[in-house]
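The residues making up each chain are set out below.
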Amino acid sequence: MKVELVRVDDGFHFEATGSSDQKVHTDASPNIGGTNAGVRPMELLLMGLGSCTAIDVVLVLKKQRQEILDFRISVEGERIKEDNTERSPFRKITIHYFFKGNLDRAKVERAVKLSMDKYCSATAQFEPLAELTHEITIEA
């Protein structure tokens, strides 16, 4: 896998592309000179994690013939500053799955567990460094 970033302005705004040929814009926060022209890199990591598990869950639930009327995910990460550095990696991440539909709770829980434990490569990437937890809400 390979991505490429091209600087867009004289600041911190970049346009990234990968094998999908879709463009993603990143930028720094205004307090260090960014212009809010794109997502922050650390936000992008959480977006990647949420997207990875979302795809897994939808695939599993479709195979189980579950009817998903609406589905969204909220991913919240807690960052801790490392001593003697400027780095603040994620140390706690909570993924909250919100579903609407006529869904069997046991099947939803199984789909999430399969994603977290077996399918999601982004989850595997974060597990050695951060405590990952999840919550599930199902509305009829």
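Here we summarise the structure given alongside this text.

Here is what the cut-offs are and how they apply
- Residue numbers here run from 1 along each chain, matching the order of that chain's written sequence.
- Totals for whole chains, interfaces and linings use all residues, but because this is a predicted model, local features are given only for residues with pLDDT of at least 70 and pairs of side-chain atoms are given and counted only at 80 or more.
- Think of the side-chain values as coming from all heavy atoms in the structure, minus any hydrogens and water.
- Going along the chain from the N terminus, every DSSP run of H or I of four or more residues is numbered as a helix, and every run of E of two or more is numbered as a strand.
- In this scheme, a helix's expected span is set at 1.5 Å multiplied by one less than its residue total.
- Contacts are residue-level and defined by heavy atoms, with any inter-residue pair within 4.5 Å sufficient.
- Residues adjacent in sequence count toward polar contacts only when both atoms are side-chain atoms; beyond that, a polar contact is any pair of N or O atoms within 3.5 Å, and within protein one must be able to donate a hydrogen and the other to accept it.
- Only strands joined by at least two bridges in the DSSP assignment are considered to pair.
- Comment: axis = line fitted to C-alpha atoms, over the contacting stretch for helices; angle = value between 0 and 180 degrees taken between N-to-C directions.
- Here the term buried applies to any residue with accessible area under 20% of the maximum for its type, exposed to any over 50%, and partly exposed to those in between, with areas from a 1.4 Å probe on protein chains only.

### Structural notes on helix α2 (residues 105–119)
Then comes step 1: Between its first and last C-alpha, α2 extends 20 Å over 15 residues, near the 21 Å set by a 1.5 Å rise per residue.
Then comes step 2: Check the buried side of α2 and you find it contacts α1 (41–63), β5 (90–100), α3 (121–126) and β6 (131–139).
Then comes step 3: Near the N-terminus of α2, the side chain that reaches the backbone nitrogen of Ala-106, with its oxygen 2.8 Å away, is that of Asp-104.

### Some thoughts on the pairing of strand β3 (residues 23–26)
In the case of a regular strand, side chains alternate between the two sheet surfaces.
Then comes step 1: Pairing between strand β2 (residues 14–17) and β3: four bridges, direction antiparallel. Residue pairing for β3: Glu-15 is matched across the bridge by His-25.
Then comes step 2: The turn linking β2 back onto β3 is made up of five residues, and Asp-21 within it adopts a positive phi angle of 65 degrees.

### Points about the sheet that holds β5
Then comes step 1: The strand order across the open sheet formed by three strands is β4-β5-β6, and the pairing between neighbours is mixed. Of all the strands in the sheet, just β4 (70–79) and β6 have a single pairing partner and so form its edges. Adjacent strand axes in the sheet meet at a mean angle of 15 degrees, parallel and antiparallel pairs treated alike.
Then comes step 2: Bridge analysis of β5 against β6 gives nine bridges, and the strand direction is parallel. Within β6, the position partnered with Lys-92 by the bridge is Glu-131.
Then comes step 3: Packing against the sheet, α1 makes contact with β4, β5 and β6, and its axis sits at approximately 145 degrees to β4.
Then comes step 4: Contacting β5 and β6, α2 runs over the sheet at an angle of about 155 degrees to β6.

### Looking at unusual backbone geometry
Then comes step 1: The phi torsion at Asn-36 lies on the positive side, around 60 degrees, for a residue other than glycine.
Then comes step 2: Turning to its location among the elements, Asn-36 is positioned in the loop between β3 and α1.
Then comes step 3: Look at Asn-36 and you get partly exposed, because its relative accessible area is 48%.
Then comes step 4: Of note, the phi angle at Asn-84 is positive, near 60 degrees, even though the residue is not glycine.
Then comes step 5: Looking at where Asn-84 falls in the secondary structure, it is placed in the loop between β4 and β5.

### Considering the sheet that holds β2
Then comes step 1: The strand order β1-β2-β3 describes an open sheet built from three strands, whose pairing is antiparallel. The two strands at the open ends of the sheet, each matched to only one other strand, are β1 (4–7) and β3. Strand-to-strand twist across the sheet, computed as the mean angle between neighbouring axes with direction ignored, equals 25 degrees.

### So, α1
Then comes step 1: Here α1 spans 33 Å end to end across 23 residues, near enough to the 33 Å set by a 1.5 Å rise per residue.
Then comes step 2: All of the buried residues along α1 are Leu-46, Leu-49, Gly-50, Thr-53, Ala-54, Asp-56, Val-57, Val-60 and Leu-61.
Then comes step 3: Those residues of α1 that are buried lie in contact with β4, β5, α2, α3 and β6.
Then comes step 4: Immediately downstream of α1, the backbone of Arg-65 shows phi near 60 degrees, a positive value.

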